[in-house]
Amino acid sequence: MRVLSVASECVPLVKTGGLADVAGALPGALRAENIEMRTILPGYPAVMAALDPGAAQVMSEADLFGGSARLLAGRAGGLDLFVIDAPHLYMRDGSIYLGPDGQDWPDNPERFAALSLMAARIGAEGVTLDGQGWRPDLVHCHDWQAGLVPDYLDQFGGRCATVLTIHNIAFQGLTGHHMIERLRLPRSRFHPDGFEYYGQLSALKAGLMRADRLTTVSPTYAAELMQPEFGMGLDGVMRARRRDLSGILNGIDESIWNPATDPAIAETYRHPAGKAANRAALRAEMGLPEATGPLCCVVSRLTEQKGLDLLLAALPALLERGGQLALLGSGNPGLEGAFQEAAREDGVAVRIGYDEALSHRLIAGADAILVPSRFEPCGLTQLYGLRYGTIPLVALTGGLADTVINASPAAIDRGVATGLQFHPVTADPLAVAFDRLCDLHAQPEIWSQMQANAMRQPVGWASSARAYAALYRDAIAPA
């Protein structure tokens with residue numbers, strides 16, 4: 001089976017969030033399922049720089065929303081790629097989504113319509129690779145940036161199936177209806193059963209209405225999307241398409257996130273006892289003293305979605321019990337400042353910014369990892385925590401609910417607990433969860449059992465790859 005993956009970012013070439021991890025991991029994971037996946041990416045500077053010198057032009061577009069473009073086929077970062085070489089759209093410094101003023105690039109609608117359009121051309125026409133024809137059986141679209149693929153496929157007479165994965169429904173690719181013709185879309189589709197969203201054009205809704213199958217990144221988030229408090233105005237669409245919707249958990253790259261081989265950490269380990277050296281090294285690096293309570297870490301974007309304002313409110317409950325916090329992240333300036341102020345307290349250390357190696361050392365050295373998100377489609381940091389025997393304390397939502405076994409009395413008695421969950425997602429229940437965390441940390445036998453359980457928990461891509469392969473087969477099966 002041939003699958004074209006359409007993504008706006010992809011590890012190891014360009015990343016702003018979990019979408020990139022999924023796009024980068026799926027091709028390798030699906031190889032075991034006899035699926036050949038190629039990924040189409042915009043030609044950002046980092047992507048063009050990484051593309052192998054032998055990349056060949058396989059398609060051209062005279063006017064791709066304001067300039068000519070070439071489609072190149074080649075390899076980069078261990079992936080088979082199609083790259084859209086369109087300097088007028090993608091050859092820019094800084095963020096792939098935001099301009100120097102911190103706002104969306106004004107032409108983002110055109111930039112990602114171009115990604116969708118070129119993907120649809122591959123799906124409809126195919127390309128020639130090494131003298132042979134290549135056309136996908138299915139196009140896998142990721143988030144709003146690829147949401148227009150099904151509409152363009154229809155225009156081109158494409159016959160391949162489509163799957164759309166929602167990584168975060170909060171981002172919907174909205175633009176004014178005056179852009180319909182500019183984006184080469186039929187105005188006849190601008191209605192509630194098309195891509196109209198409260199008077200605007202929604203690229204995500206376009207895909208939700210037209211893709212053959214829909215997925216999201218955890219079973220619980222799939223159910224949550226049908227509720228008004230999580231559906232962001234699209235809950236009615238999700239309810240209408242519930243029979244076409246699947247929740248498939250993300251996995252992590254277990255070769256990169258492996259405490260037995262991780263070159264970034266102070267000392268590699270295969271058993272929870274090996275965390276002691278990493279904990280001591282982390283305290284030394286972050287300037288934290290020895291303490292009786294658990295050393296907790298946060299590796300996150302600093303946003304209210306991630307519940308980090310709740311963490312600030314509940315933090316005294318952790319510190320009063322002898323617990324500590326080591327945080328790495330950036331985002332909302334107000335939250336950055338509030339955590340820097342909190343770092344004046346004994347037991348709190350904060351680094352503002354992004355540091356991949358430090359994130360590994362934090363997770364290896366901490367006793368617990370905190371993920372208090374108000375909503376979380378899947379989440380990856382709790383999976384990293386499980387892999388490293390770092391107990392996740394998480395909100396009961398989305399993929400956090402699906403991946404962490406709460407340390408209830410029954411789960412502890414059965415010896416299966418891997419972490420703690422709290423609900424409702426407010427500051428007081430989080431403070432209660434901190435008390436529970438400290439109580440468990442003070443019971444070495446139970447704590448060690450939870451760490452061992454966590455390290456045995458499957459967090460890779462094998463089962464998810466099988467689920468995607470089954471979904472693809474179903475989508476391309478004759479009606």
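Residues numbered from 1 in each chain as written. Predicted model: local features only at pLDDT ≥ 70, side-chain atom pairs only at ≥ 80, totals over all residues. Heavy atoms only, no water.

(A) Inspection of the overall build of the protein chain at higher detail. The helix and strand tally for the protein chain stands at 19 helices and 20 strands. The C-alpha atoms of the protein chain give 23 Å as radius of gyration, which agrees with the globular expectation for 479 residues (23 Å, within 12%). Across its three principal directions, the C-alpha atoms of the protein chain cover 65 × 45 × 45 Å. Put simply, the protein chain has 479 residues, and 58% of those count as buried. Within the protein chain, residue pairs in contact and separated by at least 24 positions form 69% of the contacts whose partners lie at least 6 positions apart. Counting every atom, the protein chain has about 18700 Å² of accessible surface; 51% of that belongs to carbon and sulfur. Of the side-chain charges in the protein chain, 39 are positive and 52 negative, and the distance between the mean point of each set is 5 Å. (Helix = DSSP H or I, 4+ residues; strand = E, 2+ residues; numbered from the N terminus. Rg over C-alpha atoms; globule rule 2.2 N^0.38 Å. Buried < 20%, exposed > 50% of the residue type's maximum accessible area, 1.4 Å probe, protein only. Contact = heavy atoms within 4.5 Å. Areas by Shrake-Rupley, 256 points an atom, 1.4 Å probe, with all protein chains shown as cover. Lys, Arg positive; Asp, Glu negative; His and termini not counted. Charge placed at Lys NZ, Arg CZ, Asp CG, Glu CD.)

(B) Main features of the sheet that holds strand 2 (residues 36-42). Taken in spatial order, the nine strands line up as 3-4-5-2-1-8-9-13-14 in an open sheet, and their pairing is mixed. With partners counted over all chains shown, the strands left at the sheet margins are strand 3 (56-61) and strand 14 (245-247), one partner each. The sheet shows a mean angle of 25 degrees between the axes of neighbouring strands, taken without regard to direction. Pairing analysis gives three bridges linking strand 13 (residues 213-216) to strand 14, with the strands arranged parallel. Directly across from L214, in strand 14, lies its bridge partner L245. (Pairing = 2+ DSSP bridges. Axes fitted to C-alpha atoms, helices over the stretch in contact; angles between N-to-C directions.)

(C) Spatial organisation of the nonpolar core. Core analysis: the biggest nonpolar cluster contains 77 residues, and I40, L64, F82 and I84 have the highest contact counts within it. Top contributing element to this core by residue count: helix 4 (residues 108-125), with ten residues. (Core = buried A, V, L, I, M, F, W, Y, C linked by side-chain atoms within 4.5 Å.)

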